[in-house]
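Take a look at the letters that make up each chain.
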Amino acid sequence: ERLLRVHTCMMQVVPTMRAVYAGASLAPLLALLIKQVVIMALGNKPDSKTLARDSLLEFCLQVMASYTRHNHRGDMSADTMVLSRRLQLLPLYILGARKLLYMVTSGNMDQDCADEFLRRLLRMPVHSVLASLYPRIYALQPGATFDRPELPRAGFASKDYLISGSA
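Since the model is a prediction, treat every value here as computed from it, not as a measurement. The written sequence of each chain sets the order in which its residues are numbered from 1. Where totals are concerned, whole chains, interfaces and linings use all residues; where local detail is concerned, this predicted model gives features only for residues with pLDDT of at least 70, and gives and counts side-chain atom pairs only at 80 or more. Computation of side-chain values covers all heavy atoms of the structure but excludes hydrogens and water.

*Asks:* Mind laying out the overall build of the protein chain, listing which residues take part and the relevant values?
*Replies:* Numbering of helices and strands runs from the N terminus, with a helix taken as a DSSP run of H or I at least four residues long and a strand as a DSSP run of E at least two residues long. Scanning the protein chain from terminus to terminus reveals seven helices and zero strands. In the protein chain, the succession of helices and strands from N to C terminus is α-α-α-α-α-α-α. Note on classification: 1.4 Å probe, protein chains only; a residue is buried when its accessible area is under 20% of the maximum for its type, exposed when over 50%, partly exposed between these limits. Within the protein chain, the proportion of its 167 residues that are buried is 22%. Surface accessibility follows the Shrake-Rupley procedure with a 1.4 Å probe radius. Residue values consider only the protein chains on display as shielding. Taken as a whole, the protein chain presents about 13,400 Å² of accessible surface, with 58% of it coming from carbon and sulfur.

Okay, here's the thing in structure tokens:
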């Protein structure tokens, strides 16, 4: 016996495209896009000319072009793009997703590990998709105490290494 779960929710009807973009929520939108692209990547053959990650970029460009077409005001210059507060981070997350998918599907990773990683992305809940694409970074406060106060070893691009030649 199969059961069907039905959710009833109220959806607001908006009169303008500006209201559609004002009500857009980035987390569910990106979770849906990532899961669609992961399904495409799992189904693609290795010799396929279409890349799943390119569909993310196409979507981002379509959203931004549509936003400027429907919400552009005459007082802005032609070389300026102003996005709503909700859509400002869309290009950042799209580029993070493309980078992640390139890392997994470029052939540098074992195929079984890549497939397992993609399947893990499919099972990921909505609230953790954005954090996996672009993790939150918190600024360190001066004088704060930590459990492990030691700092990581200086990298090879640090000023001390470049001047003296040793880290």
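After presenting the structure, the write-up continues.
*Asks:* Summarise the environment of Leu26; cite the residues concerned and give the values.
*Replies:* Its location among the elements puts Leu26 in helix 2 (residues 26-43). Given a relative accessible area of 12%, Leu26 falls into the buried group. Separated by 104 residues in sequence, Leu26 and Leu130 place their C-alpha atoms 8.9 Å apart.

*Asks:* Could you give an account of the side chain of Ser66, naming the residues involved and the relevant values?
*Replies:* Here Ser66 shows up in helix 3 (residues 52-71). Working rule for contacts: check all heavy atoms of both residues, and any pair within 4.5 Å makes them a contact. The residues contacting Ser66, other than those within four sequence positions of it, are Met17 and Tyr21.

*Asks:* A description of the confidence of the model for the protein chain should follow, citing residues and the corresponding values.
*Replies:* If pLDDT is low for a region, its predicted coordinates should not be looked at in detail. Residue-level pLDDT values for the protein chain average 76, and 72% of them are 70 or greater. Each residue carries a pLDDT score, the predictor's own confidence in it, on a scale running from 0 to 100. Mean pLDDT in the protein chain bottoms out at helix 7 (residues 159-164), which sits at 48, and peaks at helix 2, which reaches 90. pLDDT under 50 marks residues 157-162. Its contacts with residues more than four places away, or in other chains, come to eight contacts.

*Asks:* I'd like to hear about the nonpolar core, residue by residue, with values.
*Replies:* What makes a nonpolar core is a set of buried Ala, Val, Leu, Ile, Met, Phe, Trp, Tyr and Cys residues whose side-chain atoms join them at distances within 4.5 Å. Counting residues in hydrophobic clusters, the biggest one holds 30 residues, and the most contacted among them are Leu30, Leu56 and Leu90. Breaking this core down by element, the ones donating at least two residues are helix 2, helix 3, helix 4 (90-105), helix 5 (111-123) and helix 6 (126-133). In terms of residues, this core owes the most to one element, helix 2, which gives eight residues. Apart from residues no more than four positions distant in its own chain, Leu56 is found in contact with Leu33, Ile34, Val37, Ile94, Ala97, Arg98 and Leu101.

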